[in-house]
Amino acid sequence: MARARAARRVRPVARGVFWREVALVLVCVEIAIFILAFDPTVLNVFDLTKASFTHALAWGLLGALVVIALGDGFRIPLSPVFVAFYAVVAVEVLTTFTAENQYVAVYGEVGRYLGLTTHLVLALIAVAIAVSIDYPRRTSWLGWTIGAAAALAGLYAVQQALGHDPVQWADLDSRARPFSTFGNPDFYGQFLAVVFIGCVATLAFARQRLWLAALVGLLGFSSLGLMLIVATRGSFLGIVAGAVVIAPLWLRRSGLSRRVLVRFALATALAAAALVVVLVATPLGGRLLDIGRGIGLRDRVLLYQSAFQMFLDHPFLGVGFENFAVAYPRYQQAEWFGIAGMNTTNTSAHDWILHMGATTGIVGLLANFALLGAFTIHAWRRARDPDAAGVLVALAAIAAFYGGGLVLPGAQSIQWIPWVCVGVALASELRSARVMTASPPLRLPAVLRLLIVAGMASVAFGQLGSIDANRAAKGAEGALGAANGSRAVALARTATTVDPGRAVYWNDLGRSLELVPDLAAARGAYRQATSRSPYTPAFWWNLSRMEQEFAKQNEPGAREAAYEAMRRAIGADPQNPDTFDRFARMQFALGDYKGAIESEQQAIGLFPTIPSYYTLASEAARQLRDTDAAIAFLRGGVAALNSNDLRVTLARRLIEASRIAEAREVLREILATDPTNAAALDLQKQIGAQ
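Residues numbered from 1 in each chain as written. Predicted model: local features only at pLDDT ≥ 70, side-chain atom pairs only at ≥ 80, totals over all residues. Heavy atoms only, no water.

Chemist: Would you explain the overall build of the protein chain in this entry?
Modeler: Each helix and strand in the protein chain was counted, giving 31 helices and two strands. Counting only C-alpha atoms, the protein chain reaches 120 × 60 × 50 Å along its principal axes. By the burial criterion, 50% of the 690 residues in the protein chain qualify as buried. In the protein chain, 70% of the contacts between residues at least 6 apart in sequence involve partners at least 24 apart. Entry remark: accessible area of the protein chain is about 30,600 Å², with carbon and sulfur atoms responsible for 63%. Taking the 61 positively charged and 49 negatively charged side chains of the protein chain as two groups, their mean positions are separated by 15 Å. (Helix = DSSP H or I, 4+ residues; strand = E, 2+ residues; numbered from the N terminus. Buried < 20%, exposed > 50% of the residue type's maximum accessible area, 1.4 Å probe, protein only. Contact = heavy atoms within 4.5 Å. Areas by Shrake-Rupley, 256 points an atom, 1.4 Å probe, with all protein chains shown as cover. Lys, Arg positive; Asp, Glu negative; His and termini not counted. Charge placed at Lys NZ, Arg CZ, Asp CG, Glu CD.)

Chemist: What should I look at first to understand the packing of aromatic side chains in this one?
Modeler: Working definition: an aromatic ring pair is given by the centre-to-centre distance plus the angle between the planes. The tally for this structure, following the rule as stated, stands at 21 aromatic pairs. When the centroid spacing of 5.5 Å and the interplanar angle of 75 degrees are considered together, the rings of W169 and F179 count as edge-to-face. With a gap of ten residues between them, W169 in the loop between α6 (139-161) and α7 (185-205) and F179 in the loop between α6 and α7 connect regions that are remote in the sequence. Where W352 meets Y402, the ring centres are 4.4 Å apart and the plane angle is 45 degrees; that geometry is what we call tilted. Remark: Y402 occurs in helix α16 (residues 389-404) and W352 occurs in helix α15 (residues 352-382); sequence separation between them is 50 residues. Since its relative accessible area comes to 14%, W352 is described here as buried. The exposure class assigned to Y402 is buried, which follows from its relative accessible area of 16%. Taken together, the aromatic side chains of F38, F46, Y156, W169 and F179 make up a single cluster linked through ring pairs. Between K50 and the ring centre of F182, over which it is positioned, the NZ or CZ distance is 5.9 Å. The side chain of R523 reaches across the aromatic face of F550, ending 4.0 Å from its centre. (Phe/Tyr/Trp six-rings, centres within 6.5 Å; stacked < 30°, edge-to-face > 60°. Lys NZ or Arg CZ within 6 Å of the ring centre and 35° of its normal.)

Chemist: Please clarify how helix α2 (residues 47-72) should be interpreted in this entry.
Modeler: Given 3.6 residues to a turn, an α-helix orients residues that are three or four positions apart in the same direction. Here α2 spans 36 Å end to end across 26 residues, near enough to the 38 Å set by a 1.5 Å rise per residue. After α2 finishes, the residue G73 shows a positive phi value of roughly 90 degrees. (Expected span 1.5 Å × (residues − 1).)

Chemist: Honestly, unusual backbone geometry in this entry has me stumped. Any pointers?
Modeler: Residues other than glycine predominantly adopt negative phi, and peptide bonds predominantly adopt the trans conformation. A cis geometry characterises the amide bond from Y135 onward to P136, with omega recorded as 0 degrees. Structurally, P136 is set in the loop between α5 (116-132) and α6. With an omega of 0 degrees, the peptide bond between V516 and P517 qualifies as cis. Along the polypeptide, P517 turns up in the loop between α21 (503-515) and α22 (519-532). The backbone phi angle of A483 is positive, close to 60 degrees, even though this residue is not glycine. A positive phi angle, close to 60 degrees, is found at R625, a residue other than glycine. A relative accessible area of 76% means that R625 is categorised as exposed.

Chemist: Sorry, what's going on with the pattern of salt bridges here?
Modeler: Between side chains of opposite charge, pairing is possible as soon as their charged atoms come close. For the structure on display, the rule yields 28 salt bridges. The shortest N-O distance in the salt bridge between R511 and D508 comes to 3.1 Å. Here R511 pairs with D508, and both are found in helix α21, just three residues apart, close to one helical turn. Residue class for D508 comes out buried when judged on its relative accessible area of 3%. In this structure, the salt-bridge partner of E514 is R545, at a minimum N-O distance of 2.4 Å. Of this pair, E514 sits in helix α21 while R545 is found in helix α23 (residues 537-552), placing the two residues 31 residues apart along the sequence. According to the relative accessible area criterion, E514 is partly exposed, its value standing at 21%. Take R545: its relative accessible area is 30%, and that puts it in the partly exposed class. Linked by salt bridges that have partners in common, R523, R527, E547 and E555 make up one network. (Salt bridge = Lys/Arg side-chain N within 4 Å of Asp/Glu carboxyl O.)

Chemist: Just checking my understanding: could you explain the packing of helix α19 (residues 465-481) against helix α20 (residues 485-498) for this structure?
Modeler: How two helices pack is summed up by the angle between their axes together with the distance between the axes. Contact pair α19 / α20: the axes reach a minimum separation of 8 Å and the direction vectors enclose 160 degrees. Here α20 runs roughly antiparallel to α19, going by the angle between their axes. Read as a crossing pair, α19 and α20 show a hand that is left-handed. Across from G465, A469, A472, A473, G475, A476, A479 and L480 in α19, the residues of α20 making contact are R487, A488, L491, A492, T494, A495 and V498. Its residues assigned to classes, the contact of α19 with α20 shows eleven nonpolar, three polar and one charged. (Axes fitted to C-alpha atoms, helices over the stretch in contact; angles between N-to-C directions. Parallel < 35°, antiparallel > 145°, perpendicular 65-115°, else oblique. Left-handed = near helix turned anticlockwise from the far one by under 90°. Nonpolar A, V, L, I, M, F, W, Y, C, P; charged D, E, K, R; others polar.)

Chemist: I'm lost on the packing of helix α30 (residues 660-673) against helix α31 (residues 678-686) in this one. Help?
Modeler: Relative orientation of the contacting elements α30 and α31 amounts to 145 degrees, with a least axis distance of 10 Å. In terms of crossing hand, the pair formed by α30 and α31 is left-handed. Every residue of α31 that contacts α30 at L667, I670 and L671 is listed here: A680, L681, L683 and Q684.

Chemist: Got a minute to help me understand empty space enclosed by the protein in this structure?
Modeler: Over the atoms rolls a probe the size of a water molecule, and in doing so it shows where empty space is left. In this structure the tally under the stated criterion is one cavity of 30 Å³ or more. Taken as a whole, the largest cavity encloses approximately 510 Å³ of empty space. H119, M356, N368, Y402 and Q415 are the residues nearest the centre of the largest cavity, which is lined by 34 residues in total. Broken down by element, the lining of the largest cavity gets its largest block of residues, ten residues, from α15. By residue class, the composition of the lining of the largest cavity is 19 nonpolar, eleven polar and four charged. (1 Å grid on protein atoms, 1.4 Å probe; cavity = no way out; pocket = protein on both sides within 12 Å on 5 of 7 lines; lining within 4 Å. Points joined across faces, edges and corners; volume = space filled by probe spheres on them.)

Chemist: Could you clarify how one ought to interpret a nonpolar patch on the surface in this entry?
Modeler: A cluster of nonpolar side chains, W144, W211, L215 and L218, forms an exposed patch at the surface whose accessible area comes to about 460 Å². Looking at the nonpolar patch element by element, the count peaks at three residues for helix α8 (residues 210-230). (Patch = residues over 30% accessible without salt bridge, like charges linked within 9 Å, V, L, I, M, F, W, Y side chains within 5 Å.)

Chemist: What is the right way to read the environment of S618 from this model?
Modeler: Position of S618 relative to the elements: it lies in helix α27 (residues 611-623). It is 74 Å that separates the C-alpha atoms of S618 and A433, two residues lying 185 residues apart in sequence. Those residues within four positions of S618 in sequence are excluded, and the remaining contacts are A630, F633, L634 and R653.

Chemist: I tried to follow the side chain of S79 on my own but got confused; where do I start?
Modeler: Secondary-structure assignment places S79 in the loop between β1 (75-78) and α3 (80-97). Residue S79 is classed as buried on the basis of its relative accessible area, which comes to 9%. There is a polar contact of 2.9 Å between the side chain of S79 and the side chain of E429. Excluding residues that lie within four positions of it along the chain, S79 makes contacts with E429 and A433. (Polar contact = N/O pair within 3.5 Å; in protein donor to acceptor, adjacent residues only side chain to side chain.)

Chemist: What exactly am I supposed to notice about the confidence of the model for the protein chain here?
Modeler: As a general rule, the predicted coordinates of low-pLDDT regions are not to be interpreted in detail. The predicted model of the protein chain has a mean per-residue pLDDT of 90, with 94% of residues at 70 or higher. Taken together, the stretch residues 5-14 has pLDDT below 50 and engages in zero contacts with residues farther than four places along the chain or on a different chain. (pLDDT = per-residue confidence, 0-100.)

Chemist: Got a minute to help me understand the environment of K50 in this structure?
Modeler: Mapped onto the fold, K50 is located in helix α2. With a relative accessible area of 0%, K50 lands in the buried category. Counting along the chain gives 369 residues from K50 to W419, while the straight-line C-alpha distance between them is 16 Å. Residue contacts for K50: discarding those within four places in its chain leaves I33, F34, I35, L36, A37, T181, Q412 and S413. Polar side-chain contacts of K50 include one of 3.0 Å to the backbone oxygen of F34.

In structure tokens:
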């Protein structure tokens, strides 16, 4: 009887441990997916793949946590770290409701997918870590998972650096700057900095066997070597931030004895020597020195100015969670296009503080800084505890992440890092936090527990449609490139049917229907695209072009609709000269020459280095029989660009106006620098007898 009673007492504990271990295994799988998963068969190879599979797996993780909560009783821990964590999640939910574009706030922008759904998955991971690792007992599970995944990613990066990448990337050179399974060398470099700092912190704070210390040291050394090859400048800031955190924590944990201070001084000297070597002898050092020479800085300054102005205009709650890409075009400067290229945009401020301020305002900044502050205070207070190594490593790692994040954007492959670190802090705090009980424990049969987890996990099958839609979208773009209209339409329709919320899929459908051609259906598809993404000028351009075609057929209201679409494009991105130029060309085609001149004047004012702006403005003035204005536009273009092509056109206009002496002077200017210019020589012969 005694043994039976003992067995009954042990079974609930065993079941609780089992489901905690299941939850932690799922967390480890989630981390591995964030690091390693990618699918070259889809359009968004890296981030969408990681997001789709982690979102799907999160349902099973949620089921495990529900079983744990029902078995233990639903409890709400209350402590500074926990309360700050709740505040961060609450702010993200609040700013999703107040966002300009709630779809983007919920699901994230294309290419990032860091909307509320992803952040709720990350928050779930943090909660699962807090509940399941039984700090510090299973903390090593996280370390082994990250270390193994980092090693596998490193092997692939080495393969890329050696020129043996099995995947042929269309727009990336994996040999010049390896990006491994992260899709971008900046993200990979930031991850490597976090891994290196994590290894250093582990060696500094954790007591371990010699073979394990050697393994950690090897991982740290290889991560540092790859970081120098990848040459992400933000990774240097990550190393500095991590070192700044490790140093005082190590002194506090070790005490301020003479021996400790000597070791600290030696370590500092060694780090300074390593810094000199990095600056002098590595690709990363070369890129860092470029900053000192002002190379590659202006684009970042412009982006930071835009983000800060966004924050000033929306100081309390920002423009909305993950809505940076939605608002950014309105704050984009014309100078940006001259540096980064025409019609480029940004989905992030490339600085986590500015990005957070712009999208969640002061409220978001206060919540996140409160969480980091509570985390730091907790780690400092626990630094001398024998089992504090896990939380100290987590604090160093999150410092490295946010250090690099001062100049880098976020991504699926790295955004999990701070949440895992916070999860470790929550687990450490859980031991002493005050707990508010919301429901009593329930004794559930094992079969019912299994059914709960299986039932919630089955929802995952509905999470993978985005992958199918994206794969179809890639096929549609390939068919468009091959001018296969019918196939492009079929695949684009599949994408919009499976995932109708993405504006870019509707835009692709419109392009495909133009190729068939079915202009009426294309116009409908472009309307769908603009309704879902009114902040993207290109979608308005396409809609305007379709309306223009129907205006040429004298369809009632089409001309006004074409004009309105271009006005919406200008409103979405008022500093984009290309929009004004496209508007001018549309106005010219519809016989509105005065409007075309006004639009091209706007384009020239924003970006005076495009010859075609002056040419079209001159031609519009010519159609209005305003010879002086036509010539004046061309003279302005010559003065701005010193272009012989514009001089040739100017000479023609002068000849038409019978201003032969001026035409001869212009032709002499051309031939002085280009004696074989055929157009100038022909014009010179033409006026020779005059």
